[in-house]
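Spelled out from the first residue to the last, the chains are:
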Amino acid sequence: MSVVGGIMVPHPPLIIPEVGRGQESVIRKTSEAYEKAAQFVADLKPDTIVVISPHTIMYSDYLHISPGYRASGDFGSFGAGQVRIAVEYDADLSNRFCELAEDAHIPAGYEGERDASLDHGTLVPLYFICKKYRDFKVVRVGISGIPLAQQYRFGTLIAQAAKEMNRRVVVVASGDLSHKLQKSGPYGFDPSGPVYDEKVMDVMGKGEFYKLLHFDAGLLDKAAECGHRSFVIMGGAFDCLSVETTKYSHQDVTGVGYGICTYKVLHDDETKDYLNRYEQELEKKREEQMLMEDAYVSLARRTIENYIAGEKLIGVPEGLPQEMYQKRAGAFVSLHIDGGLRGCIGTIGPTTGSVAEEIIQNAVSASTKDPRFSPVREEELPYLEYSVDVLGEPEIIDSPSQLDVKRYGVIVTKGLKRGLLLPDLDGVDTVEQQIAIAKQKAGIAQEDKKVQLERFEVIRHH
């Protein structure tokens, strides 16, 4: 046995009658589709249901698997504490997940449990499934900020473990779509919301799971999606398999997208070896980028690759442009994965004898000392995207009107507190945003207007 099927479902507590108290009628189409998806699961008669939820324990650098032998939860947070669900965990299967993840160098396991109670991303699907079928155990898995390809690979381990342990497994990818679909909705509107919903429903409706790896991080962020990583992990569980797909519904009447699809595994299909195909594309792209990168980016990349792989700090190499030896300037090294920030550290002014030394110093710091992130792991190196900003001399300005978010970075100073933001950053569209973020980084109160402003230009290398 192995993975026999899966469902893509949302988790609005409103859909539970005891919570909605009649208001669930506004998403009746979703409720009716949910009943069909639950019956689909029941017809497959799984031994174990693997629920992937964005609302269980979540870490930026680690996939959390719920430990133990049983768990329960209720809808008390939504005014319906009498609706309670208890499940038995498939501890043997989840143990195997942990072992396989360790062998594959994917950060996943039981560490960091904070709340053993079932979350609503798990409870809502189980509420519908348990009305149709109860003879199953559960494994609950969270999502993470690790590269999408690593989460997809974790999904392949779900299928591998199920096959090894002779389990009939159904994967439940729990997740709402965009939260930015209507001005009247609880989260407002962004043009990226409808774009994401249309795109992801097309991909999920066709079962083209590998395309989930190519979604732009900016689109995911602006759309305020919820379930994309759940869908990615489920997609990985179907790698190298032929899957029959049924698309039941898509609603956006509350300002949040709800999509429901089911997936029935038919047979093995080596033509759908999507993970290896993606990694080959990634390696080709990486080789092309290395050919195109300039000396500044190349130095940052070589520094990080040598340091992370061998924890050895390289010296300033020969053969660089003379300006990198002769010029002194502040520099920032920025790292991204899947379009999302993975680390950024820099210096406002020169602290070493040359720009080359500045880049080496800050490349190591960006990859290992950014307090917002854990240190970069060796297995992440193939996914890193690099940029280097060399800063010009800051100049004091009198007014925000002298700023331009595309051209100038900003430095905000209040006493000993100082915050900097680089220019031309994704998601920073106004001077007001730029100053607010710089204040936040400095620990300066947003309402404090008595601050010193400086602007600077950069030469960006990427």
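Anything mentioned here points back to the structure above.
Remember, it's a predicted structure, so these values are computed and weren't measured experimentally. (Residues numbered from 1 in each chain as written. Predicted model: local features only at pLDDT ≥ 70, side-chain atom pairs only at ≥ 80, totals over all residues. Heavy atoms only, no water.)

### Observations concerning the packing of aromatic side chains
- Under the counting rule described, the total for this entry stands at eleven aromatic pairs.
- Their ring planes at 70 degrees and their centres at 5.7 Å tell us that Tyr196 and Phe215 sit as a pair that is edge-to-face. Of this pair, Tyr196 sits in helix α6 (residues 192–206) while Phe215 is found in the loop between α6 and α7 (217–223), placing the two residues 19 residues apart along the sequence. You'll find Tyr196 and Phe215 in the same group, each marked buried.
- Ring centres of Phe238 and Tyr263 lie 5.9 Å apart, and the angle between their planes is 45 degrees; this geometry places the pair in the tilted category. You can see Phe238 sitting in the loop between α8 (228–237) and β9 (241–251) and its partner Tyr263 sitting in strand β10 (residues 258–268), a full 25 residues away along the chain.
- Using a relative accessible area of 2% as the deciding quantity, one classes Phe238 as buried.
- Under the relative-accessibility criterion, Tyr263 is labelled buried at 0%.
- Feature note: the residues Tyr34, Tyr127 and Phe128 constitute an aromatic cluster, connected by ring pairs. (Phe/Tyr/Trp six-rings, centres within 6.5 Å; stacked < 30°, edge-to-face > 60°. Helix = DSSP H or I, 4+ residues; strand = E, 2+ residues; numbered from the N terminus. Buried < 20%, exposed > 50% of the residue type's maximum accessible area, 1.4 Å probe, protein only.)

### Focus on the sheet that holds strand β16 (residues 417–421)
- Within the open sheet, the four strands sit side by side as β14-β17-β15-β16. Their pairing is antiparallel. Only two strands of the sheet have a single partner each, and these edge strands are β14 (395–397) and β16. Direction aside, the axes of adjacent strands within the sheet are offset by 30 degrees on average.
- Bridge count between β14 and strand β17 (residues 452–456): three bridges; the pairing is antiparallel. (Pairing = 2+ DSSP bridges. Axes fitted to C-alpha atoms, helices over the stretch in contact; angles between N-to-C directions.)

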